[in-house]
Amino acid sequence: MFSDRDEFKEEFLKKLEMTCGKSFGESTERDHYFTLGNMIREHVSTEWINTNERYRIDREKQVYYLSIEFLLGRLLHHNLMNLGIEQVVKDGLADLGIDLNRLEEIEADAGLGNGGLGRLAACFMDSLASLNLPGHGCGIRYKHGLFEQKIVDGYQVELPEQWLRNGHVWEVRKADLAIEVPFWGKVETTEENGRLVFRHVNAETISAVPYDMPVVGYKTDTINTLRLWNAEPSPYPVNHDILKYKRDTESVSEFLYPDDTHDEGKILRLKQQYFLVSASIRSIVRSYRKQHSSLRNFHEYVSIHINDTHPVLAIPELMRILLDEEEMGWEEAWNITVHTIAYTNHTTLSEALEKWPVRIFQPLLPRIYMIVNEINERFCRVLWERYPGDWKRIEDMAIIAHDQVKMAHLALVGSLSVNGVAALHTEILKNREMNQFYEIFPDKFNNKTNGITHRRWLLKANPLLSDLINESIGAGWIREPEKLRELADFKNDRVFLDQLHQIKQLNKEKLAKRIQEQHGIIADTSSIFDIQVKRLHAYKRQLLNILHVMHLYNRLKEDSNFRMHPRTFIFGAKASPGYYYAKKIIKLINTVAEKVNYDPQTRDVLKVIFLENYRVSLAEEIFPAADISEQISTASKEASGTGNMKFMMNGALTVGTLDGANIEIKEKAGDGNIFIFGLTADEVLSFYQNGGYNSREYYHHDKRIRQVVDQLVNGFFPDADDEFEPIFDSLLMENDQYFVLRDFASYINIQKEAGKAYEDREHWLKMSLMNIAGSGYFSSDRTISEYAREIWKIRPAGVEMMNK
Ligand SMILES: *Cc1c(COP(=O)(O)O)cnc(C)c1O
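Computed from a predicted structure; not experimentally measured.

Draft legend 1. Inspection of the overall build of the chain at higher detail. A count of helices and strands for the chain gives 32 helices and 25 strands. For 804 residues, the compact-globule estimate of 2.2 N^0.38 gives 28 Å, and the C-alpha radius of gyration of the chain, at 27 Å, lies within 12% of that figure. Along the first, second and third principal axes, the C-alpha set of the chain runs to 90 × 75 × 55 Å. Split into buried and exposed, the 804 residues of the chain put 61% on the buried side. Contacts in the chain between residues at least 24 apart in sequence constitute 76% of all its contacts with a sequence separation of at least 6. Total accessible area on the chain stands at roughly 31500 Å², and carbon and sulfur atoms take up 48% of it.

Draft legend 2. Inspection of the site of the ligand at higher detail. The environment of the ligand is made up of 13 residues, and the closest members are Lys534, Lys540, Thr642, Gly643 and Lys646. Side-chain polar atom of Lys540 to an oxygen atom of the ligand: 2.8 Å apart, as the coordinates give it. Protein chains shield 95% of the accessible area of the ligand, which is 400 Å² for the free molecule. Of the residues in the shell around the ligand, the class split is four nonpolar, five polar and four charged.

Draft legend 3. Molecular detail of unusual backbone geometry. Look at Arg59: it is not a glycine, yet its phi comes out positive at around 50 degrees. Mapped onto the elements of the fold, Arg59 is located in the loop between helix 2 (29–58) and strand 1 (62–66). Since its relative accessible area comes to 36%, Arg59 is described here as partly exposed. Phi is positive for Phe739, which is not a glycine, with a value near 60 degrees.

Draft legend 4. Fine view of the layout of surface pockets. Estimates place the volume of the second largest pocket at around 820 Å³. Surrounding the second largest pocket, 29 residues form its lining, Asn52, Tyr64, Thr225, Arg227 and Ser287 being those nearest its centre. Broken down by secondary-structure element, the contributors of at least two residues to the lining of the second largest pocket are helix 2, strand 1, strand 4 (135–140), strand 12 (223–233) and helix 8 (263–291). Of the residues contributing to the lining of the second largest pocket, the split by class is 10 nonpolar, 10 polar and nine charged.

Draft legend 5. Main features of the nonpolar core. Within the largest apolar cluster, 138 residues are counted, with the highest numbers of intra-cluster contacts made by Leu36, Phe275, Phe298, Leu313, Phe361 and Trp792. Considering every element that reaches this core, the biggest residue donor is helix 8, with 11 residues. Other than its neighbours up to four places away in sequence, Leu36 contacts Phe8, Phe12, Leu76, Val89, Leu93, Leu100 and Leu103. Residues Leu349, Ala575, Phe610 and Phe739 belong to the second largest nonpolar core, which totals 74 residues.

Draft legend 6. Here's a closer look at helix 13 (residues 366–386). Here helix 13 is 21 residues long and its end C-alpha atoms lie 31 Å apart, about the 30 Å a rise of 1.5 Å per residue gives. For helix 13, every residue scored as buried is listed here: Pro366, Arg367, Ile368, Tyr369, Ile371, Val372, Ile375, Asn376, Phe379, Cys380 and Leu383.

Draft legend 7. Structural view of the pairing of strand 8 (residues 179–183). Alternating positions in strand 8 separate cleanly, Ile179, Val181 and Phe183 being buried on one face and Glu180 and Pro182 remaining unburied on the opposite face. Looking at chain direction, strand 8 and strand 11 (residues 204–216) are connected through five bridges and run antiparallel. The residue of strand 11 that forms the bridge with Ile179 is Ala208.

Draft legend 8. How the structure looks around the packing of helix 1 (residues 5–20) against helix 4 (residues 86–95). Their axes nearest at 8 Å, the elements helix 1 and helix 4 cross at an angle of 65 degrees. Relative to helix 4, helix 1 is oriented so that their crossing is right-handed. Contacts between helix 1 and helix 4 involve Arg5, Phe8, Lys9 and Phe12 from the first element and Val88, Val89, Asp91, Gly92, Leu93 and Asp95 from the second.

Draft legend 9. Layout of the UniProt feature "modified residue: N6-(pyridoxal phosphate)lysine" (unreviewed entry) in the chain. Here the UniProt feature "modified residue: N6-(pyridoxal phosphate)lysine" (unreviewed entry) sits at Lys646. Each residue touching Lys646, except ones within four places of it in the same chain, is listed here: Arg119, Ile452, Trp457 and Phe623.

Thresholds applied
- Residues numbered from 1 in each chain as written.
- Predicted model: local features only at pLDDT ≥ 70, side-chain atom pairs only at ≥ 80, totals over all residues.
- Heavy atoms only, no water.
- Helix = DSSP H or I, 4+ residues; strand = E, 2+ residues; numbered from the N terminus.
- Rg over C-alpha atoms; globule rule 2.2 N^0.38 Å.
- Buried < 20%, exposed > 50% of the residue type's maximum accessible area, 1.4 Å probe, protein only.
- Contact = heavy atoms within 4.5 Å.
- Areas by Shrake-Rupley, 256 points an atom, 1.4 Å probe, with all protein chains shown as cover.
- Near = heavy atom within 4 Å.
- Polar contact = N/O pair within 3.5 Å; in protein donor to acceptor, adjacent residues only side chain to side chain.
- Nonpolar A, V, L, I, M, F, W, Y, C, P; charged D, E, K, R; others polar.
- 1 Å grid on protein atoms, 1.4 Å probe; cavity = no way out; pocket = protein on both sides within 12 Å on 5 of 7 lines; lining within 4 Å.
- Points joined across faces, edges and corners; volume = space filled by probe spheres on them.
- Core = buried A, V, L, I, M, F, W, Y, C linked by side-chain atoms within 4.5 Å.
- Expected span 1.5 Å × (residues − 1).
- Pairing = 2+ DSSP bridges.
- Axes fitted to C-alpha atoms, helices over the stretch in contact; angles between N-to-C directions.
- Left-handed = near helix turned anticlockwise from the far one by under 90°.
- UniProt positions renumbered as here; feature names shortened; annotations may be inferred.

Shown next, in the form of structure tokens:
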């Protein structure tokens, strides 16, 4: 690469003239961004090719991570950092009067995901490469990622996201590697030489064209590949209405998560899933065949991981290739398939478990349907032998039942490993949600607690804190995050704690500046920054948070003796466009903000800010500035959470329920360094099973609750009319499915405790430090090492680490 800033500058200026056709004097910041991006990508190319060559020659086992979402965010800074050239580039650009930070702002977030699941896939890519593991991602190159959110008059407005508008410097189109994916048509069955032969005829094919992105590991030679498939018209269309065909085709990779509430949308979603799976599996098999004469030992060299059930058709697709193309018998093909595929479950919410009507599935994917049907019949036969006469159980467990294909059941039957994403979640899967499958396949079930890449979420997002850590314990934590433990030695070091405080303040000032620029609201940086950022969902209970704010407002208005440490409540959340209730909550948060922020009696102690368009690049500014992390889901509902880990790593204290990974955060930070409240998962699940909760009792018996709930509908918000009636109804008429009122008193108490604790600065800083010190466990390096060792059985490739 560049040995010094002068060499960098020379190359940068040459490249700028070549790519933009302008002199330096005429060039814009955008030109600078694209020049730099292209330059870095080209530099990466050699190592990228070398990595692939090495994998090919070594014939080491490789893993492919299939995910319908990759929430990557920006890549420039992250790549510069991982390549170890951040400083050279920064200095070189500074000589030319260019500010690297401003160039970074030009890059559009690659927002090809909704939230945690997609961000997990992105963190995993970083850890795989940084640990020198041969692992690649496969996804879809959506033209429009998750919508851009605007708040207008307190309501969410969605605009189409345009990350590709100016091109994307990190991708390389590989048109010669396109794969034709067939849909519709029918299957002709004939007998040839005593074998049944299946031909998919009259299919409408779509070209899957790969766009590859280099995944640069942290200061190592390993550069893996993230392959995103773009849907394009096939060169061999059978459809005669060419314009319609082109439109239909391109729609497959047009939007992330199209509306799936109607059949039209459903077909598109299922099309996306098969498109991803078929293109990915066939390209994996294609490169495998270059090194191996048959697919007999495929599972010894390839592991395929499916991130939730969206790519579960990998199972029948691999079967199809082994049966129809390799002409294997069923048993052998099945053995290879089951030993290749591993599955991660991300939720126990029953409404989120994917099911497809046969009337849609069968005509769209006729050969795949036949195979799923055969898998189902064989599985039901096994069940019948084990549980003779137990029709009910077989009906419950079948892959196809009542005209529906159950994707989770297919995943459970067709994979070698099934994992949950936090200890509690895995226990719930084993003992409740998937208990019947656990009985049959106990060895398949295992836990892999989620993680986040500490290189993006601490090293990059919080440079001040990273410097302090480096000065205190050295830089070893960057490769071995468990070393953050050593920070605990500083818990009685006043100077250190004071530096920790200064850093938090500086990060808060930075966020406050952005808030003022964007929203015109002044956030007091001596107030507690109490933050809840995540997708908007009833189970995540943003409602509990905002009702608490209303309660504090009431206290301040009614009791002149009431004292609290000033707080700034910050929210960031997108609601799914069709999720009516979630949008009401956004409106409520903004309505409360209007009221409390402008009331002279409260505005100095209470502020509410709703940050527009929550996304990865904004998240990187938010986590370092947080004092309190709100992780208040109804216990049992949040499989793991990863936002909770990002907060912890940046020294925020968690106010949370005993849900998902919060339980493990409590263990790692220490019981005294977290604020836990509310029902436990067992209690919640027992209420669901046995009844016994009546939200009206809490409403009637607790006047703090009655007051805030009534305020939703009694004119307290003068312009609201019946705006918040659906929220009122959900709490009282629908018996508060998420136990907001049940946990309300306990939440008020713990928040009061947290507020008090903040006033003992030294103690607070100690607690904050113990969170940072305990956060190493939540690095995705730990998570990925566990997957590699226990599920994928892959080893690090032997490469030289750069000693930078
Ligand atoms: C980490 C992250 C999430 C997941 O947050 P949870 O609190 O775990 O739901 C969602 N969106 C973005 C942009 C993230 O960075």
